[in-house]
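Descriptive structure summary
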Amino acid sequence: MLAKKYRLPVHRFPAGAKTFYRGEHITLKTSNNNLFYNRVGVIVTRKTAPKATERNRLRRKIFDVFEEIAGTPADAKALAGKDLLVILKPIKLDRDTEKNLLEELNLIKERLTR
């Protein structure tokens, strides 16, 4: 699980942030945070997963994917001092969709670390 220090309070994310990636299941927005590490925030709506346990499970999976990006010191990678907001689009979740979602997350992670 991602340490609390590296989790982004989504209500503090700036409204005019730049969209880095827009895909079939996910939208990723980025913003500078004036810190020496990255933070990750996740928004999963009730339309995507009606039960809170499902939404929390999805959040944990997304945090696990971005765990090595979050908290990266500024001198280690080009992507440092950023806030990343992952917004899950309202979709009907099943095993195939969840598998596609995780593949898309890994693709985003690769793009961010380049």
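Above this note sits the structure.
The paragraphs below set out a description of the structure included in this document. All of these numbers come straight from a predicted model, not from anything done at the bench. (Residues numbered from 1 in each chain as written. Predicted model: local features only at pLDDT ≥ 70, side-chain atom pairs only at ≥ 80, totals over all residues. Heavy atoms only, no water.)

**Quick look at the pairing of strand β2 (residues 26–32)**
How we decide: Per-residue accessibility, obtained with a 1.4 Å probe over protein chains only, is compared with the maximum for each type, and a residue is labelled buried under 20%, exposed over 50%, and partly exposed between these values. Put simply, DSSP H or I for four residues or longer makes a helix, DSSP E for two residues or longer makes a strand, and each gets a number counted from the N terminus. By the convention used here, strands pair only if DSSP detects at least 2 bridges between them.
Of all 7 residues that make up β2, 5 are buried, and the element is covered over most of its length. Here strand β1 (residues 18–22) pairs with β2 via 4 bridges, running antiparallel. When the bridges of β2 are listed, lysine 18 appears paired with threonine 30. Hairpin connection from β1 to β2: 3 residues lie between these consecutive antiparallel strands. Here 7 bridges tie β2 to strand β4 (residues 82–88), and the two strands are oriented antiparallel to one another. Its bridge partner lying in β4, asparagine 32 is registered against lysine 82.

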